[in-house]
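The lines below spell out each chain.
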Amino acid sequence: MSSEELALHRQLGLTDGELAQIEATLGRGPNGTELAMYSVMWSEHCSYKSSKIHLRTLPTAGPAVLVGPGQDAGAVDVGDGIAVVFKIESHSHPSAIEPYQGAATGVGGIVRDIVSMGARPVALLDPLLFGPLAEERNRWLFAGVIAGIGGYGNCIGVPTVGGEIRFADAHTADPTVNVMCVGIADAADLITAQSRTAQAGSLMVLYGATTGRDGIGGVSVLASATLEDGAEGSRPSVQIGDPFAEKLLIEASLELVAGGSLEGLQDLGGAGITCAVSESATRAGMGASLDLDAVPLREPGMVPFEILTSESQERMLAIVHPSKLDEVRSVCGRWGLTTAVIGELTPGGTLTVRSGGAVVAEVAASSLADEGPVYDRPAEPPTRSVVSGEDPTFVPFEKDLTEAVLTVLTAPNVASKRWAFEQYDRVVQGNTIAGPDSDAAIVRVAGTLKGLAVSTDSKSRFGRLDPFLGAVHAVAESARNVAVTGATPIAITNCLNFGNPERPEVMWELTESIRGIRDACLAFETPVTGGNVSLYNESGGSAIWPTPVIGMLGLLEDYRLRVPSSFPRPGLAIYLVGETFAELGGSEFAEAVLGVVAGKPPALDLSRERGLHRFLIAAAGGAVLASAHDCGDGGLVIALLEAAIGGGHGFAVALAGDLPSHVALFSESASRAVVSVDPGDEEALVRLAAEHGVPVARLGETGGPRALVEGLVDVPVDELRDAWETAIPRLLGET
Amino acid sequence: MSGAVPPRVGVVTFPGSLDDRDALRAVEQMGGEAVPLWHADRDLRAVDAVILPGGFSYGDYLRCGAIARFAPVMEPVVAFAERGGPVLGICNGFQILCEAGLLPGAMIRNRSLRFVCRDVWLRVETAQSCLTGDLTPGETIEIPIKHGEGQWIATAEQLGDVEAQGLVVFRYASRTGIVDDVSNPNGATNNVAGIRNPAGNVVGLMPHPEHAVDPDVGPTGGQPLFASLLHVAMAGVTG
């Protein structure tokens, strides 16, 4: 092996050890084309090499699970032969370089994942974290990402119905851009490795856009390394999206699925043709013969490794029996899409790639797709001092409480995100029962009374202080957000956003977070059906906060019984469900008012949390609740104000107990919700709460133009709404 | 309409149409027979009314609606409109009708330069259109908008004609019918949200009435518009 070749594998992001493993697999040294194929397939992004052994500890089975992790997306059975397919992915690295296209192509990629399972995409949610908007570059990233999500999502006819938006210093260099898609299929039409039997001689048909030089090395160069100075030079590795082509691809693909024309379907995303072909062949237990001369190219002179690793968007690979080829060509032709037979499945497991008549690569397909390196990287808790800083819970607070309430209400994490959400089409398809303003978005399953309740949540501020607890809170909050609408949490997908796993401190954050997700998912009986891991989110040795993002799917059997989050009318009794403890560690109050991220995050008792969910679901099913809203960032007072602002009705409440006033208002104790009920339903509420062992306390009533917390806060709701709605535009310099 | 054969309302699907299924469903919900039409067919399948739905036909990469007007289906659509048949263009469909010369003016990017999706109030300006026959001028209705290029503009001469002939069908307004700048979500000239041709059988509007017929998913301001359209289409059936 010459030194020049050694340099090549390193340039491609492979280690010396990985090169040795490739040589052992092949029984010879790889040529440059083969090396490029391994480099993309064995990248962190495609192979999950640092996280795989830990992900295996997550619960993935359950009575509703149809498809678990390892395929393009997970799927659950929601009854009546309906399958819900869902998954979350990250497009953080490209978005940090080119926010509009980075975010746009993230949407395109996740939508194709759903389509490749044979499902029609029905909802998108975009959980996002940026650095503070006070910095100009962060404003550019924020505006660009939002516009990119809208620019793509709005053109493909899939509503964007939610997704939280948060801000933290640690995400300044590396914004977190995740996107979740939910799709619906007839359970019988699901395309999975089990449901479709491809055979030797079946054709590999590439359809959709042509293949160009864009996005080469996207997964290895961009997504699996940290972004350092000069990262703008990576811009050619960012793909360019064409939502119009995607829309055609969706319609043509679903028509092919419905017509039973396919033996398999795979989208082309990270690692392009190499990934799609090797995974399709491996799933079928076969090899493949691939002819690069048959791939329609966007530009002349492309060499084999470019064609094999291009991440040009809006392409799909279908596995088609030769007898069905004409059908496939005719459907694609009707939608104006080109098709090309680029190869076929072959007996044995070898993937043979030809170009200009010569064999340019010959490797075992499964060695690319399934047999990449697996690392058990060292994990060590950090020695940093932040955790041991003074717990804000015990810092006396003697300033004006009304001012503090306004500060928290207008803090970017809490303030209205209308500026962003209005740029998303949330109504197309006509099934959006509740959109981004709701704790969980609710999308009706067309033609039924079923409603899918979906929420995406992260608690990275808690995670910064205690990654295990942060992950537990993230799962709990996502389940609670679903349960306050009356829906039953069913299953999750997750996106694990972390720094460089080669640093033991980051690895510890990752393993602690996975442990937290596992414990919470076991307690809630919400299995993990899949997800994505996004590592190397750090710059200059400074990582993002540990940010596991949970995408929770819940089910309402009758969407007409869904509970809104805002007070719908005056004259309702307001109750706090759950208990408030002295817990200001890692709270919004501590960050926004005291300027610290410190202390111990609130405790979380999983069985109490589960009890709260069960109570909320039972109360909604019995039509007892007029509204229910999660107590999250900013605590009880913010939950009350949000319910008042959303409904346009004030309230008058009194807080009992002996907590200091600011703690009672702002504590972020877990497992709580603010509900309102008609006076006639109060007895039923109290009885149900007792049955479920959930504490409830009557706080007061809705009504009037003011938000009144006896002796502490008294402000007109209109004034609060104005402050809440204008906070983000103000930070963007627009008002 | 009870007992009678429901009117057939065609909805054209162009490549890139997004709200075609929604328009078909709205027609069914309001009691019409929904008939899918395909951009490449020169056949209107004997419909009594035509809807050009919202979306991004052909990707709208040149100019919104600029390519769709040349689609084969547009030839019979234009002929149908010239014979007095009711034709409704929603959002991208409105843009196509302007490009096809069936309605005056054009749409440019929103004043904010951003896409905007929100429920808005419209003041009905005339009952002399296929979409507002059941309504009274001055009434307000709530309907969602969702567009990035919805700012209607016209030359001074066109604008003079439009206003003089009373061709404005809807203006963006407050809930109580006050037409002001605060109520204007995209900067449209004179708050114009929808216009008609002089005969009133061709109407285009930026808001989406097909997303305002089902109370479970939003406001219901689209119901009287579809009811009016079906009445006009019905008259065509029986007359």
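Residues numbered from 1 in each chain as written. Chains lettered and ligands numbered in written order. Predicted model: local features only at pLDDT ≥ 70, side-chain atom pairs only at ≥ 80, totals over all residues. Heavy atoms only, no water.

Q: Can you help me understand the packing of helix H3 (residues 32-41) of chain A against helix H11 (residues 272-283) of chain A in this one?
A: Any two packed helices are characterised by how steeply their axes cross, that is the angle between the axes, and by the distance between the axes. All names here are of chain A. Here H3 crosses H11 at 80 degrees, and the two axes come no closer than 10 Å. Relative to H11, the element H3 lies roughly perpendicular. Residues Met37, Val40 and Met41 of H3 lie in contact with H11, whose contacting residues are Thr274, Cys275, Ser278 and Glu279. Its residues assigned to classes, the contact of H3 with H11 shows four nonpolar, two polar and one charged. (Axes fitted to C-alpha atoms, helices over the stretch in contact; angles between N-to-C directions. Helix = DSSP H or I, 4+ residues; strand = E, 2+ residues; numbered from the N terminus. Parallel < 35°, antiparallel > 145°, perpendicular 65-115°, else oblique. Contact = heavy atoms within 4.5 Å. Nonpolar A, V, L, I, M, F, W, Y, C, P; charged D, E, K, R; others polar.)

Q: What should I look at first to understand the sheet that holds strand E15 (residues 358-364) of chain A in this one?
A: Picture the strands of a sheet paired through backbone hydrogen bonds; they go either parallel or antiparallel. Residue and element names in this part refer to chain A. Taken together, seven strands build an open sheet; the order of strands is E10-E12-E9-E13-E11-E14-E15 and the sheet is mixed. Two strands in the sheet have a free side with no partner beyond their single neighbour: strand E10 (264-267) and E15. On average, each strand axis in the sheet is inclined to that of its neighbour by 20 degrees, with strand direction left out of account. As paired strands, E10 and strand E12 (residues 315-320) are joined by four bridges and run antiparallel to one another. Across the sheet, leucine 265 pairs through a bridge with alanine 318, a residue of E12. (Pairing = 2+ DSSP bridges.)

Q: How should I be thinking about the nonpolar core in this particular structure?
A: Among the nonpolar cores identified, the biggest contains 136 residues, and Phe142(A), Phe14(B), Ile51(B) and Phe170(B) are the most heavily contacted of them. If one sorts the elements of this core by residue count, helix H10 (residues 243-258) of chain A sits on top with eight residues. With sequence-adjacent residues up to four places away left out, Phe14(B) is seen in contact with His39(B), Leu52(B), Ser57(B), Tyr58(B), Ala68(B), Ala71(B), Val73(B), Met74(B) and Ile96(B). Formed by 41 residues, the second largest nonpolar core is a distinct cluster that contains Cys46(A), Met204(A), Val360(A) and Val363(A). (Core = buried A, V, L, I, M, F, W, Y, C linked by side-chain atoms within 4.5 Å. Buried < 20%, exposed > 50% of the residue type's maximum accessible area, 1.4 Å probe, protein only.)

Q: When you look at the interface of chain B and chain A in this model, what are you seeing that I'm missing?
A: Frequently, the measure chosen for interface size is the accessible area that the parts lose on association. Chain B puts 24 residues into the contact, and the matching count from chain A is 31 residues. Counting each side, the surface lost to burial between chain B and chain A is near 2300 Å², with a carbon and sulfur contribution of 54%. In terms of surface lost to chain A, no three residues of chain B exceed Trp38(B), Arg114(B) and Cys117(B), which account for 23% of the buried area on that side. In this assembly, chain B and chain A are joined by five salt bridges. Among the ionic pairs, Glu422(A) bridges to Arg118(B), the shortest N-O distance being 2.9 Å. At the surface where chain B touches chain A, the tally comes to 13 residue pairs in polar contact (both at pLDDT 80 or more). At the level of secondary structure, the elements contributing two or more residues to the side of chain B that touches chain A comprise helix H1 (20-29) and strand E6 (116-124) of chain B. Considering every element that reaches the side of chain B that touches chain A, the biggest residue donor is E6(B), with four residues. For the side of chain B that touches chain A, the residue count by class is ten nonpolar, four polar and ten charged. (Buried area = accessible area lost by both parts, 1.4 Å probe. Salt bridge = Lys/Arg side-chain N within 4 Å of Asp/Glu carboxyl O. Polar contact = N/O pair within 3.5 Å; in protein donor to acceptor, adjacent residues only side chain to side chain.)

Q: I would appreciate a short explanation of the state of the cysteines in the present structure.
A: Here a disulfide denotes a covalent bond joining the sulfur atom of one cysteine to the sulfur atom of another. Evaluated as defined, the whole model comprises zero disulfides over all chains. You can see Cys275(A) has no disulfide; the closest cysteine sulfur is in Cys46(A), sitting 5.1 Å from it. Cysteine Cys117(B) shares no disulfide, and the gap to the nearest cysteine sulfur, in Cys91(B), comes to 10 Å. (Disulfide = S-S within 2.5 Å.)

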